[in-house]
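# Overview (structure and organization)
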Amino acid sequence: MAETEQQPTRYPKPRPKGEPPSVTKVRELIEDRLSKMFDAYVCDEHSNYVLGMDSARIFVVPTWLDEDGGDGPTVIRLFAITNLDVPVTAELTKYLLAANLEFVFGCFALDPEAGAIWFVHNLLGDHTAPEELEASLAAVAQTADRVDNEIKERFGGRLYVEKPGQAIPPPPAPGYL
């Protein structure tokens, strides 16, 4: 790497205690793809990967299904929390459900206790190709960044990330997730 090039910002690779080897393999896929797609990402206190695109903060969560206390299939959860403190109304839920019909990748989820709107998509980690991860991650990031302001304007509340420069938090980030 040339002296003038700046090394991407990353933090130590998370390897939670007790995590099955299959999830470590999925983490390697995630880390390789993130380093090719983004200049910076961090790992939070939950060993999730966190990255930003404009006003969207995206979480990449490798995990596994714990079947009978064993090492079940792996899952890559991709999500962005777009808005917080949104008053939950019939109009909001109707909007979210109607929008879900239009998405090829991902869907809205609602945490009514926090008035939080999430945009989520899951992949089968054991069978995920790098290109599939990249396309899904781009879809979640672009969709979240596109809809968050519209939701705030139409239904109130606030953006999860109010300033684009804060999309990637310094670890660990306090607050809702």
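Use the structure listed above.
On a predicted model such as this, the values are computed, not experimentally measured, just so you know.

Turning to the overall build of the chain, a few remarks are in order. Within the chain, the secondary structure is distributed over 3 helices and 7 strands. Along the chain, helices (α) and strands (β) appear in the sequence α-β-β-β-β-α-β-β-α-β when read from the amino end. Sequence separation of 24 or more characterises 62% of the internal contacts of the chain that already satisfy a separation of 6 or more. Accessible area of the chain: about 9700 Å², with a carbon and sulfur share of 53%.

Moving on, we come to unusual backbone geometry. Despite not being glycine, serine 47 shows a phi value in the positive range, around 65°. Look at aspartate 54: it is not a glycine, yet its phi comes out positive at around 50°. Checked against the element boundaries, aspartate 54 lands in the loop between β2 (49–53) and β3 (56–64).

Below, the discussion takes up the packing of aromatic side chains. One pass over the structure, following the stated rule, counts 9 aromatic pairs. Judged by centre distance (5.4 Å) and plane angle (75°), the rings of phenylalanine 103 and phenylalanine 108 are edge-to-face. For the pair phenylalanine 103 and phenylalanine 108, a shared accessibility class is recorded, and that class is buried. Ring centres 4.8 Å apart and planes at 75° place the aromatic pair phenylalanine 103 and phenylalanine 119 in the edge-to-face group.

With that settled, the discussion passes to the pattern of salt bridges. Scanning the model with the defined rule gives 5 salt bridges in all. A salt bridge links glutamate 19 to arginine 27; its shortest N-O distance comes to 2.9 Å. Taking the relative accessible area as the measure of exposure, arginine 27 reaches 2% and is therefore buried. Note that glutamate 150 is salt-bridged to arginine 154, the shortest N-O span being 3.4 Å. With a gap of 4 residues between them, glutamate 150 and arginine 154 both fall in helix α3 (residues 130–155), about one helical turn apart. Judged by relative accessible area, arginine 154 falls into the partly exposed class, the value being 46%.

Mapped onto the elements of the fold, proline 14 is located in the segment before α1 (21–37). Judged by its relative accessible area of 9%, proline 14 falls in the buried class. Along the primary structure proline 14 and cysteine 43 are separated by 29 residues, whereas in three dimensions their C-alpha atoms are 6.8 Å apart. Excluding residues that lie within four positions of it along the chain, proline 14 makes contacts with Arg27, Glu31, Cys43, Ser47 and Tyr49.

Attention now moves to the nonpolar core. Ranked by internal contacts, the top residues of the largest apolar core, which has 33 residues, are Ile76 and Phe108. Where this core is concerned, the elements lending two or more residues are α1, β2, β3, β4 (74–84), α2 (90–100), β6 (116–124) and α3. With 8 residues, α3 is the largest single contributor of residues to this core. Not counting the four nearest positions on each side in its chain, isoleucine 76 is found in contact with Val26, Leu29, Ile30, Val60, Val61, His121, Asn122, Leu123, Gly125, Thr128 and Leu133.

For the rest of this paragraph, the subject is the environment of glutamate 134. Take glutamate 134: it is sitting in helix α3. C-alpha separation for the pair glutamate 134 and isoleucine 30, spaced 104 residues apart in sequence, amounts to 9.1 Å. Among all residues touching glutamate 134, those that are not within four sequence positions of it are Arg33 and Met37. Within the local environment of glutamate 134, its side chain forms a polar contact with the side chain of arginine 33, the two groups lying 2.5 Å apart.

What counts and what doesn't
- Residues numbered from 1 in each chain as written.
- Predicted model: local features only at pLDDT ≥ 70, side-chain atom pairs only at ≥ 80, totals over all residues.
- Heavy atoms only, no water.
- Helix = DSSP H or I, 4+ residues; strand = E, 2+ residues; numbered from the N terminus.
- Contact = heavy atoms within 4.5 Å.
- Areas by Shrake-Rupley, 256 points an atom, 1.4 Å probe, with all protein chains shown as cover.
- Phe/Tyr/Trp six-rings, centres within 6.5 Å; stacked < 30°, edge-to-face > 60°.
- Buried < 20%, exposed > 50% of the residue type's maximum accessible area, 1.4 Å probe, protein only.
- Salt bridge = Lys/Arg side-chain N within 4 Å of Asp/Glu carboxyl O.
- Core = buried A, V, L, I, M, F, W, Y, C linked by side-chain atoms within 4.5 Å.
- Polar contact = N/O pair within 3.5 Å; in protein donor to acceptor, adjacent residues only side chain to side chain.

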